[in-house]
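# What the coordinates show
For reference, the chains in residue letters:
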Number of protein chains: 2
Amino acid sequence: MYSQAAVSLTRSQAAPFAAAAEPAPTLRDLFKGQSAETLAAGEALFWEGDPAGQIFDVISGVLRVYRIMPDGRRAIMGFIHPGDVLGVSFQNRYLFTAEAVTEVKIRRFARSRFFGLINETPALRPQLFAILCDEMSAAQDQMLLLGRKNAEERVVSFLLSVHRKVGIGADIELPMSRLDMADYLGLTMETVSRMMTSLARRGLIALGARHTVTLRKLAALREIAGHDAEDEDIAAAPARRAVWPH
Amino acid sequence: MYSQAAVSLTRSQAAPFAAAAEPAPTLRDLFKGQSAETLAAGEALFWEGDPAGQIFDVISGVLRVYRIMPDGRRAIMGFIHPGDVLGVSFQNRYLFTAEAVTEVKIRRFARSRFFGLINETPALRPQLFAILCDEMSAAQDQMLLLGRKNAEERVVSFLLSVHRKVGIGADIELPMSRLDMADYLGLTMETVSRMMTSLARRGLIALGARHTVTLRKLAALREIAGHDAEDEDIAAAPARRAVWPH
DNA sequence: CGTCACTTTGAAAGCTTTCAATAGGAGTGG
DNA sequence: CCACTCCTATTGAAAGCTTTCAAAGTGACG
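Here we summarise the structure given alongside this text. As a convention, each chain's residues are numbered from 1 in the sequence order in which they are written. The naming scheme follows written order: chains are lettered A onward, ligands numbered 1 onward. Only residues with pLDDT of at least 70 get local features here, since the model is predicted, and only at 80 or more are side-chain atom pairs given and counted; chain-wide, interface and lining totals rely on the full set of residues. Excluding hydrogens and water, the side-chain values take into account all heavy atoms of the structure.

## With respect to the nonpolar core
- What is meant by a nonpolar core is a set of buried Ala, Val, Leu, Ile, Met, Phe, Trp, Tyr and Cys residues, joined one to another through side-chain atoms within 4.5 Å. Burial here depends on accessible area, computed with a 1.4 Å probe over protein chains only, as a share of the maximum for the residue type. Under 20% is buried, over 50% is exposed, and the range in between is partly exposed. Grouped together as the largest cluster of nonpolar side chains are 113 residues, with contacts concentrated most on Phe158, Leu159 and Leu174 of chain A together with Phe158, Leu159 and Leu174 of chain B.
- What makes two residues a contact is simply this: any of their non-hydrogen atoms within 4.5 Å. Ignoring sequence-local partners within four residues, the contact set of Leu159 of chain A consists of Ile172, Leu174, Met196, Leu199, Ile205 and Leu215 of chain A.
- By size, the runner-up hydrophobic cluster in this structure holds 32 residues, among which are Leu30 and Val88 of chain A together with Phe115 and Leu128 of chain B.

Here is the structure:
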């Protein structure tokens, strides 16, 4: 999943710190003490332009983050999944609106405390840096997708990115609507629908009940998606080092 | 200019530190001691996939940073201008190729030293953070542009972003080719050319000699560009605070 | 079992691309 | 200094892909 606003820490916090003599704290540990809150589907967590006061750890559910143009056109910048931390890469104000796609459970943390702790805990800084780098990387994947891929490539890239992120075997859950997908992929919902149908007709995917999709021919799909991190889940991706570069 | 990979520090290093009792070092000061190097137009500074060993301060000239798909399609992620720092937001490897558009002068700095200094100098950390946030912000502007704007809006948004960044009065310099612009805007060079002609015919811009363009009707252009930071240069943009959030 | 919201499908329209040719500009060499 | 060449930009026309507009289908929920 291209989540321009949040990046899985399950990846970023990996390896190097596990070997540390004393158990180094991970970023997500900071949220441990916070109480969980629940958002109903459709509810907003914060709005574009709001003072960026808090950071959120997503426990369950999926959110969409988006911006709206004056005339109503919507661009979804990403979908936020459990394990992602949302709200890091802002200065003063949130750059987009975050809204629950499904019911969502989150823990929140004041940004001041968050950054205060990071200041005091050198071990956390590389993790924060890793988050930001992963966000940039995802944003660039998305720019390539939006700028140079056709409708089919976009849809397939999306399916593969979901698979990479939360796929269980060959099945993936797409809790968001076709319109959400369209606004994320720079298409219309009709085009997304047509591409899904076409892929299914060709046996590359199978459309299951509810929001379930089965990726039937991964290799062929990867071929279609073109340049991507599509190879990353073949070999267990060597976890990106969450280390302060040196 | 949407530079997804580098962000002007002239903005980010502003206000808060100026008032500090003792002159706080700025990130760009780090490069002061480094010797300048020159790249000829077309020369690459580094390649996508190279180990990310260095960080660069651009003194003069313009670079393009891009990724290429297996079949040759190119997506330019941004243009890097003097005052930008290039190469910060990478973990292990450069995510794109950086190539000189014009002759370019840069200073380089080993990432290890760069991050070492940042570790030792708390005052630099907010600046680094600010760079990364600005990069994310620019990346999101670009995603909106690529996903939801039409050809004319893209071209106008681009002209305005250049104007905001390096505009002198109503004139702007576009050192890059139409193809560069096209690969940045997710269009073809023909479409870019047509849009420029159309804007000129309507008197919104004037195409000067060389790579010069005059923005004749800023208000109208801003109207066309739609949602952007187009208002930022009306009132002197309150420099984004380069402070560690608290 | 009816309603509402979302999805799929169809057909036409529209915008951008593709293919092709002309024009323009800069640099080179006579 | 001018002619020539090459490369980039512009312009035209047709093709193509995605969107738009519309209608039918599907599924969840009360």
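## Notes on the interface of chain B and chain A
- The interface is formed by 54 residues belonging to chain B together with 54 residues belonging to chain A.
- Across the interface of chain B and chain A, roughly 5000 Å² is buried in total on both sides, 60% from carbon and sulfur atoms.
- Three residues, Gln91, Met143 and Arg148 of chain B, lead the burial of chain B against chain A; their summed loss comes to 16% of the area buried on that side.
- Any Lys or Arg side-chain nitrogen found within 4 Å of a carboxyl oxygen on Asp or Glu counts as a salt bridge. Scanning the region where chain B abuts chain A turns up 6 salt bridges.
- The residue Glu153 of chain A makes a salt bridge to Arg73 of chain B at a minimum N-O spacing of 2.8 Å.
- Within the residue set of the side of chain B that touches chain A, elements represented by two or more residues are β5 (63–68), β6 (74–80), α2 (111–120), α3 (125–148) and α5 (178–185) of chain B.
- Counting from the N terminus, the helices are DSSP H or I runs at least four residues long and the strands are E runs at least two residues long. For the side of chain B that touches chain A, the leading source of residues is α3 of chain B, giving 19 residues. A quick way to say it: buried area is the sum, across both parts, of accessible area lost when two parts are put together, with a 1.4 Å probe.

## A few points about the sheet that holds strand β9 (residues 171–173) of chain A
Residues and elements named next belong to chain A.
- A pair of strands is treated as paired once DSSP finds two or more bridges between them. The strand order across the open sheet formed by 3 strands is β9-β11-β10, and the pairing between neighbours is antiparallel. Pairing within the sheet leaves two strands with one partner each, and these edge strands are β9 and β10 (205–207). Ignoring strand direction, the axes of neighbouring strands in this sheet form an average angle of 25°.
- In the sheet, β9 pairs with strand β11 (residues 212–215) via 3 bridges, with the strands oriented antiparallel. Among the inter-strand pairings, Ile172 is bridged to a residue of β11, identified as Val213.
- In the packing of helix α6 (residues 189–201) onto the sheet, contacts are made with β10 and β11, and the angle to β10 comes to roughly 115°. Only the stretch in contact is used when fitting a helix axis, every axis being a line fitted to C-alpha atoms; angles between N-to-C directions are given from 0 to 180 degrees.

## Quick word on the packing of aromatic side chains
- Pairs were defined over the aromatic rings of Phe, Tyr and Trp, the Trp ring being its six-membered one, requiring ring centres within 6.5 Å. Orientation was assigned from the angle between planes: stacked under 30 degrees, edge-to-face over 60, tilted for the rest. Across all of its chains, the model carries 26 aromatic pairs over all chains by this definition.
- On the numbers, 3.7 Å between centres and 15° between planes, the contact of Phe46 of chain A with Tyr94 of chain A is stacked. Residue Phe46 of chain A is found in strand β2 (residues 44–46), and its partner Tyr94 of chain A is found in the loop between β6 (85–86) and β7 (97–100); the two are separated by 48 residues along the sequence.
- Residue Tyr94 of chain A is classed as buried on the basis of its relative accessible area of 4%.
- Here the aromatic rings of Phe109 of chain B and Phe114 of chain B are separated by 6.4 Å at their centres, their planes lie at 80°, and the arrangement is edge-to-face. An identical accessibility class is assigned to Phe109 of chain B and Phe114 of chain B; each is buried.
- Aromatic rings pair up to connect Phe31, Phe109, Phe114 and Phe115 of chain A together with Phe129 of chain B into one cluster.

## Comments concerning the protein's contact with DNA strand C
- Around DNA strand C lies a shell of 15 residues, among which Arg178, Ser193 and Thr197 of chain A together with Ala151 and Thr191 of chain B are the nearest.
- If you look at DNA strand C and keep only atoms within 4 Å of the protein, 59% of those are sugar or phosphate atoms.
- Identification of polar contacts relies on pairs of N or O atoms within 3.5 Å, with a donor-acceptor requirement for protein atoms, meaning one able to donate a hydrogen and the other able to accept it, and with residues adjacent in sequence counted only if both atoms are side-chain atoms. One of the side-chain N or O atoms of Arg194 of chain A is found 3.0 Å from a base nitrogen in DNA strand C.
- Thr188 of chain B has a polar backbone atom sitting 3.2 Å from a phosphate oxygen of DNA strand C.
- Among the secondary structure elements, those contributing two or more residues to the surface near DNA strand C are α6 of chain A together with α6 (189–201) of chain B.
- No other element matches the 4 residues that α6 of chain A contributes to the surface near DNA strand C.
- Residues that form the surface near DNA strand C fall into these classes: 2 nonpolar, 7 polar and 6 charged. Near, as used in this document, describes a residue that has one of its heavy atoms within 4 Å of the molecule or strand being considered. Gly is placed with the polar residues, together with every amino acid not listed as nonpolar (Ala, Val, Leu, Ile, Met, Phe, Trp, Tyr, Cys and Pro) or charged (Asp, Glu, Lys and Arg).

## Notes on the pattern of salt bridges
- Under the criterion given, the structure shown has 32 salt bridges over all chains.
- The salt bridge involving Arg67 of chain B is made with Glu48 of chain B; its shortest N-O contact spans 3.9 Å. With Arg67 of chain B in strand β5 and Glu48 of chain B in the loop between β3 (44–46) and β4 (54–60), this pair connects stretches of sequence that are 19 residues apart.
- Within the structure, one salt-bridge network assembled from shared partners comprises Arg64, Arg74, Glu99, Asp180 and Asp183 of chain A together with Arg148 of chain B.

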